[in-house]
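Residue strings, one per chain:
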Amino acid sequence: MGGNLQHACEHRFDESVLDRIDSMEAHELEGYSNFVPRDLKHYMSLQMQWLEVGVYFLGINLGYQPSETQIADYVLSTKHSKRFRAYYALKFSCPLSN
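I will try to describe carefully the structure that is included in this document. Keep in mind that what you see is a predicted model, and the values were worked out from it rather than measured.

## Quick look at unusual backbone geometry
- The backbone of K79 shows a phi angle near 55 degrees, a positive value even though the residue is not glycine.
- Position of K79 among the secondary structure elements: in the loop between helix 5 (68-77) and helix 6 (80-92).
- With a relative accessible area of 42%, K79 lands in the partly exposed category.

Here is the structure:
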C-alpha cells in the first residue's frame, strides 16, 4: 500500500480547500454535482490519487489492506466522490455547468 500512497502524493492536496469542503453540508456539496472539468485527463488522474490516499488511510484505520467491498462501502458512505468534485472545482476554478 505504501507504493500507492507515494503515487497518490504526487499532488499535494490543499489543506485550506480540504478544510472548506469538510465544513460543507450535504446540500452544499450537491451544488457541485453539475460541474464539468475542462481537463478530464487531469481530473481523472487527480481523482485516482484522491481515492488512493483515502484507501491508504482506510487501511491504516482498519489495520490491514481493505477489501474491494470495504473500499466501495468507504467511498459510498463518506461522500467521497462529491467531496472530490467540490475540491477539484474549488481548487482549479472550474466553472459550474448550467
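## Describing the packing of helix 4 (residues 40-62) against helix 5
- For the pair helix 4 and helix 5, the least separation of the axes is 11 Å and the interaxial angle reads 110 degrees. Of the possible angle classes, the one that applies to helix 4 and helix 5 is roughly perpendicular. In this structure, the crossing between helix 4 and helix 5 has a hand that is right-handed. Contact with helix 4, carried on its side by L51, G54, V55, L58 and L62, involves Q70, I71, Y74 and V75 of helix 5 and no other residues of that element.
- Residues that form the contact of helix 4 with helix 5 fall into these classes: seven nonpolar, two polar and no charged.

## Considerations on the packing of aromatic side chains
- Counting across every chain of the model gives eleven aromatic pairs.
- Taking 5.0 Å as the distance between ring centres and 55 degrees as the angle between the ring planes, the aromatic pair formed by Y43 and F84 counts as tilted. Here Y43, found in helix 4, pairs with F84, found in helix 6; they are 41 residues apart in sequence, far enough to count as distant. A single burial state applies to Y43 and to F84, both of which are buried.
- Here the aromatic rings of Y88 and F92 are separated by 4.6 Å at their centres, their planes lie at 40 degrees, and the arrangement is tilted. Of this pair, Y88 and F92 are both found in helix 6, four residues apart, which corresponds to roughly one turn of the helix.

Conventions adopted
- Residues numbered from 1 in each chain as written.
- Predicted model: local features only at pLDDT ≥ 70, side-chain atom pairs only at ≥ 80, totals over all residues.
- Heavy atoms only, no water.
- Helix = DSSP H or I, 4+ residues; strand = E, 2+ residues; numbered from the N terminus.
- Buried < 20%, exposed > 50% of the residue type's maximum accessible area, 1.4 Å probe, protein only.
- Axes fitted to C-alpha atoms, helices over the stretch in contact; angles between N-to-C directions.
- Parallel < 35°, antiparallel > 145°, perpendicular 65-115°, else oblique.
- Left-handed = near helix turned anticlockwise from the far one by under 90°.
- Contact = heavy atoms within 4.5 Å.
- Nonpolar A, V, L, I, M, F, W, Y, C, P; charged D, E, K, R; others polar.
- Phe/Tyr/Trp six-rings, centres within 6.5 Å; stacked < 30°, edge-to-face > 60°.

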